[in-house]
Amino acid sequence: MTTTLLPLSRRGLVSGGAVGLLGAGLARPALAAGPVPPAPADIGQVENGRVTFPNWKGEADRPSPPPPAPLPPGKRVGFAVVGLGRLSLERIMPAFAQCKRARPVALVSGTPKKAQAVAAQHGIRPEAIYGYGEFDSIRDNPEVGAVYIVLPNGMHREFTLRAAKAGKHVLCEKPMANSAAEAEEMVAACRDSGVTLMVAYRCQYEPYNRRATELLRSGELGAPRFIEAVNTQVQGEVDQWRFKRAMAGGGALPDIGLYGLNAARFYSGEEPVEVFARIHSTPGDPRWREVEESIAFMLRFPSGLMASCAASYGAHECKDLRLNLQKGWVAVDDAFAYEGQSLRLARREGKAERVEEIRLGQKNQFAEEIDHMAECVLSGRVPRTPGDEGLQDHRIMEALYESARTGTPVSLPPAGAPDATRGPEPEAN
């Protein structure tokens, strides 16, 4: 059989593409050779395995950040996420997509069906799903370098000790435990096992809180005089572990009041020498049978700085922080929120007061803290928020509860050098 090729005009070719017989597999006609277009000038370059571009914006605009430079997946630290509650599924698992040094490789849950669904969503092998009872076998999984404990507070100690015994590094949600004694045991267990222990104080890795800390410590606005921190939310009536002392260790103070306490410490670098607290819970409300609804407390620091903090499960959400200094003030709105932070500062300008807003690029604070933990595991460095940081907060919270119980201020022993409970500043990503 002889096949006759039709002229191009009759083979179904139309402007903009080929149809008909060409679409059935016949060879395309050779394209006429033409000049090769010049390469664009702004193609970037590779330095130490990282692609960089020259700044393409004019001097009046902020330069764009460099492209992300994640480690190859096989070189990232593998994390087992322990506990698949709201925080894990709404914030932590999605944050891994923005991490450059970490990846999720295992899940630990008491609900197999939920764990299987999450594993499928994130490409985690079914054999890397563990129940709480079989958690110890995680030692035999070489992909797991660290565990992120996202369980109710009362379970942090047990799983930190088990992870340390299994030879896995530990990132533990705050508050670190239910008591200072438990926190001390966790620090000792990780130290004796030679593994890193870090507490997930995400605000210490969040850009706006970090910039406000720099403003306070720089002396640009003079010495700090007051810190005001408020963290409130209305807790629903649904039965939850936060209402049970054995699981939570307390109420508004360790859950959300801790943010103001820790912020006053890491902003200033100081440790309080005296604390005073008052607690109130609405009478007759079954939610507050075991834990407190609201707490207001003050911290006095050696330099003369004083912090006034409030936390409540019964007030409309507010998560703001304000610094009052000799020469101005700094306000961080939504300082303790998961996102949406803003930063304003005020100072004198001649006969007027100048109020400025500082806009920073938003970063996922969960990804920032996870990557910092991964970097510490890879390099062997001490985390910015090690176990000692969490332990110190527990000691202060116990003094606050004592003050609320007795109605009197409680003195604390003087601390050592500034930032004595913290490791080096995180490296810029």
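Right above here is the structure, for reference.
Residues numbered from 1 in each chain as written. Predicted model: local features only at pLDDT ≥ 70, side-chain atom pairs only at ≥ 80, totals over all residues. Heavy atoms only, no water.

Trainee: Even after reading the chapter, I still don't get the pairing of strand 11 (residues 294-300), so can you show me in this structure?
Mentor: The side chains of a regular strand alternate, first on one face of the sheet and then on the other. Bridge count between strand 10 (residues 274-280) and strand 11: seven bridges; the pairing is antiparallel. The residue bridging F276 from the neighbouring strand is M298, located in strand 11. As judged from the seven bridges shared by strand 11 and strand 12 (residues 306-312), these two strands associate in the antiparallel manner. The residue bridging A296 from the neighbouring strand is A310, located in strand 12. Between strand 11 and strand 12, which pair antiparallel in sequence order, lie five residues; one of them, G304, sits at a positive phi of approximately 105°. (Pairing = 2+ DSSP bridges. Helix = DSSP H or I, 4+ residues; strand = E, 2+ residues; numbered from the N terminus.)

Trainee: Could you clarify how one ought to interpret the side chain of T232 in this entry?
Mentor: By the secondary structure assignment, T232 is in strand 9 (residues 224-234). Looking at T232, its side chain comes within polar contact range of the main-chain oxygen of H316, at 2.8 Å. Once you skip the residues sitting within four places of it in the chain, T232 turns out to touch I256, A311, S312, A315, H316, E317, C318 and K319. (Polar contact = N/O pair within 3.5 Å; in protein donor to acceptor, adjacent residues only side chain to side chain. Contact = heavy atoms within 4.5 Å.)

Trainee: Would you mind going over the packing of helix 4 (residues 180-193) against helix 9 (residues 387-406) with me for this structure?
Mentor: Helix-helix packing is characterised by the crossing angle of the two axes and by the distance between the axes. In the contact formed by helix 4 and helix 9, the axes pass within 9 Å of each other and the chain directions differ by 165°. Between helix 4 and helix 9, the interaxial angle falls into the category roughly antiparallel. Considering the relative orientation of helix 4 and helix 9, their crossing is left-handed. Contacts between helix 4 and helix 9 pair A180, A183, E184 and V187 from the former with G387, D388, L391, H394, R395 and E398 from the latter. Looking at the contact of helix 4 with helix 9 residue by residue, the class counts come to four nonpolar, two polar and four charged. (Axes fitted to C-alpha atoms, helices over the stretch in contact; angles between N-to-C directions. Parallel < 35°, antiparallel > 145°, perpendicular 65-115°, else oblique. Left-handed = near helix turned anticlockwise from the far one by under 90°. Nonpolar A, V, L, I, M, F, W, Y, C, P; charged D, E, K, R; others polar.)

Trainee: Please clarify how the pairing of strand 17 (residues 352-358) should be interpreted in this entry.
Mentor: For strand 16 (residues 342-349) and strand 17, the ladder comprises seven bridges, and the chain directions are antiparallel. Residue pairing for strand 17: L343 is matched across the bridge by I358. Where strand 16 folds back on strand 17, the antiparallel hairpin that results is connected by two residues, among which G350 adopts a positive phi of roughly 65°.

Trainee: I'm lost on the packing of aromatic side chains in this one. Help?
Mentor: Two aromatic rings, taken as a pair, are described by how far apart their centres are and by the angle between their planes. Applying the stated rule across the entire model yields eight aromatic pairs. Between the aromatic rings of Y132 and F159, the centroid separation amounts to 5.6 Å while the plane-to-plane angle is 70°, which identifies the pairing as edge-to-face. Taken together, the positions of Y132 in the loop between strand 5 (129-130) and strand 6 (146-149) and F159 in helix 3 (residues 156-165) put the pair 27 residues apart, joining distant regions of the chain. Ring geometry for F135 against F159: centres 5.2 Å apart, planes inclined by 70°, an arrangement best described as edge-to-face. Taken together, the residues span a long stretch of sequence, with F135 in the loop between strand 5 and strand 6 and F159 in helix 3 at a distance of 24 residues. The exposure class of F135 is buried, given its relative accessible area of 0%. The structure contains a cluster of three or more aromatic residues connected by ring pairs, namely Y132, F135 and F159. (Phe/Tyr/Trp six-rings, centres within 6.5 Å; stacked < 30°, edge-to-face > 60°. Buried < 20%, exposed > 50% of the residue type's maximum accessible area, 1.4 Å probe, protein only.)

Trainee: Please explain the environment of P73 as it appears in this structure.
Mentor: Secondary-structure assignment places P73 in the loop between strand 2 (50-52) and strand 3 (77-82). For P73, a relative accessible area of 49% corresponds to the partly exposed category. For the pair P73 and R101, spaced 28 residues apart in sequence, the C-alpha separation works out to 8.2 Å.

Trainee: What should I look at first to understand the packing of helix 5 (residues 207-218) against helix 7 (residues 252-268) in this one?
Mentor: Orientation of helix 5 relative to helix 7, taken along the N-to-C sense of each, is 50°, at an axis distance of 8 Å. Judged on the interaxial angle alone, helix 7 and helix 5 are oblique. Between helix 5 and helix 7, the contacting residues are N209, A212, T213, L216 and R217 on the first element and F266, Y267 and S268 on the second. Residues belonging to the contact of helix 5 with helix 7 are distributed by class as follows: four nonpolar, three polar and one charged.

Trainee: Can you walk me through helix 5 in this structure?
Mentor: Residues that lie three or four places apart on an α-helix share one face, since the helix turns once every 3.6 residues. Over its twelve residues, helix 5 extends 16 Å from the first C-alpha to the last, a length consistent with the 16 Å expected when each residue adds 1.5 Å. For helix 5, the side-chain oxygen to backbone nitrogen distance between the N-cap and Y208 is 3.0 Å, and the N-cap itself is E206. Count one or two residues on from helix 5 and you reach G219, which has phi positive near 85°. (Expected span 1.5 Å × (residues − 1).)

Trainee: How should I be thinking about the sheet that holds strand 6 in this particular structure?
Mentor: Strands pair in a sheet through their backbones, by hydrogen bonds, and they do so in one of two ways: parallel or antiparallel. As summarised here, the arrangement of the six strands in space is 5-4-3-6-7-8, forming an open sheet in which the pairing is parallel. Of all the strands in the sheet, the pair left with one neighbour each is strand 5 and strand 8 (197-200). Two strands pair when backbone bridges link them, and strand 4 (residues 102-108) and strand 5 are joined in this way by two bridges, in the parallel orientation. What sits directly across from V108, in strand 5, is Y130.

Trainee: Quick question: what am I supposed to make of helix 4 here?
Mentor: Under the 1.5 Å per step criterion, the end-to-end length of helix 4 is 20 Å for 14 residues, consistent within 8% with the ideal 20 Å. Buried within helix 4 are the following residues: A180, A183, M186, V187, A189 and C190. Check the buried side of helix 4 and you find it contacts helix 3, strand 7 (169-173), strand 8 and helix 9. Of the residues one or two after helix 4, G194 is the one with positive phi, at around 70°.

Trainee: Please clarify how the nonpolar core should be interpreted in this entry.
Mentor: Within the largest apolar cluster, 110 residues are counted, with the highest numbers of intra-cluster contacts made by F79, V147, Y267 and L299. Residue contributions to this core peak at ten residues, all from helix 7. With residues up to four places along the chain from it excluded, the contact list for V147 reads F79, A80, V82, F135, I138, A163, K168, H169, V170 and L171. (Core = buried A, V, L, I, M, F, W, Y, C linked by side-chain atoms within 4.5 Å.)

Trainee: Looking at this structure, how should I read the pattern of salt bridges?
Mentor: Pairing between side chains of opposite charge can happen when their charged atoms approach one another. All told, the structure shown has 32 salt bridges when counted by the stated rule. One salt bridge connects E425 with R210, and the closest N-O pair in it is separated by 3.0 Å. With E425 in the segment after strand 18 (410-411) and R210 in helix 5, the pair connects residues that are 215 residues apart, well separated along the chain. Here R210 falls in the partly exposed class, since its relative accessible area comes to 24%. Across the pair R422 and E389 runs a salt bridge whose closest N-O atoms are separated by 2.9 Å. Of this pair, R422 sits in the segment after strand 18 while E389 sits in helix 9, and the two are 33 residues apart along the sequence. Given the relative accessible area of 9%, R422 is considered buried. The exposure class of E389 is buried, given its relative accessible area of 0%. Members of the salt-bridge network, linked through shared partners, are R210, R217, R265, E271, R384, E389, D393, D419, R422 and E425. (Salt bridge = Lys/Arg side-chain N within 4 Å of Asp/Glu carboxyl O.)

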